[in-house]
Amino acid sequence: MDSDSDGWGVGYNVATLHEATSSDPDEYMKIAARSEAVGSYYADGYMFTYFFAPDTGNAIVGVDFDWCGGCLYPDDCSIDFVLWELIWVGPQEVQWVKISEDEDAVSLTGLTATGGPYDASASCSTYLDYDAVLYCFALEAHTKGSSLVPFSPASGADFGFPAIGGTPRVTWHQGKVIY
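Residues numbered from 1 in each chain as written. Predicted model: local features only at pLDDT ≥ 70, side-chain atom pairs only at ≥ 80, totals over all residues. Heavy atoms only, no water.

J.: Help me understand the overall build of the protein, please; the structure alone is not making it clear to me.
T.: Check the secondary structure of the protein and you find zero helices and eleven strands. Going from N to C terminus, the protein has its helices and strands arranged as β-β-β-β-β-β-β-β-β-β-β. When the backbone C-alpha atoms are referred to their principal axes, the protein occupies close to 55 × 35 × 30 Å. Buried residues in the protein amount to 44% of all 179 residues. Here the contacts in the protein between residues at least 6 apart in sequence split such that 77% fall between residues at least 24 apart. (Helix = DSSP H or I, 4+ residues; strand = E, 2+ residues; numbered from the N terminus. Buried < 20%, exposed > 50% of the residue type's maximum accessible area, 1.4 Å probe, protein only. Contact = heavy atoms within 4.5 Å.)

J.: Explanation requested: the environment of valine 89 in the structure shown.
T.: Looking at the secondary structure, you find valine 89 in strand 5 (residues 76–90). Beyond its immediate stretch of four places on either side in the chain, valine 89 contacts Val94 and Gln95.

J.: Help me understand the environment of isoleucine 99 in this model?
T.: Along the chain, the position of isoleucine 99 falls in strand 6 (residues 93–107). Remark: the alpha-carbon pair of isoleucine 99 and serine 146, spanning 47 residues in sequence, is separated by 31 Å. Setting aside chain neighbours within four positions, we find isoleucine 99 in contact with Leu83, Glu85, Thr126 and Tyr135.

J.: Would you take a moment to explain the pattern of salt bridges for this structure?
T.: Oppositely charged side chains are able to pair whenever their charged atoms sit close together. Inspection of the entire model under this criterion finds three salt bridges. For the salt bridge of lysine 176 with aspartate 64, the shortest nitrogen-to-oxygen distance reads 3.0 Å. Here the residue lysine 176 occupies a position in strand 11 (residues 169–178), and aspartate 64 occupies one in strand 3 (residues 57–68), the gap between them amounting to 112 residues. Of the residues examined, aspartate 64 reaches a relative accessible area of 18% and is grouped as buried. A salt bridge links glutamate 101 to lysine 98; its shortest N-O distance comes to 3.7 Å. When its relative accessible area of 31% is taken as the criterion, glutamate 101 is described as partly exposed. Judged by relative accessible area, which is 41%, lysine 98 ranks as partly exposed. (Salt bridge = Lys/Arg side-chain N within 4 Å of Asp/Glu carboxyl O.)

Okay, here's the thing in structure tokens:
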């Protein structure tokens, strides 16, 4: 897991990651951003796992996850699934290349308060090569809130603050490959 956050103005953000432990086997992230008067804040979280293709051919590749959150007129409050492949670009150089994605597997707009958690999944169809160097499932949660006019309404995107409702977070369950 990885996360990134930044911002300016009046507001706040959170980007926390919870690794699985023996007492709490779930891996989850709390990612949220809120701008309250003037400013712009974002927080993004990434959950990923690597795998080798079990066979060569067309496959449905996907992830199963849970989410709970809400939003208040956000710039972005979404979860995407992205499939990456590690390819050779030189004699001793490799690079990650996006080969497929399911954008907005979860996408919240307007004023949305949720209960949850909600089961969700995302998938894409792609060609996998048994001889490929490596593949990567990536679940990406994006949040951004902006209030760019003085005294404009607050804007928030919430997979992390409990103020909007529930216990917001995104929980990774499994990646899957089906031929």
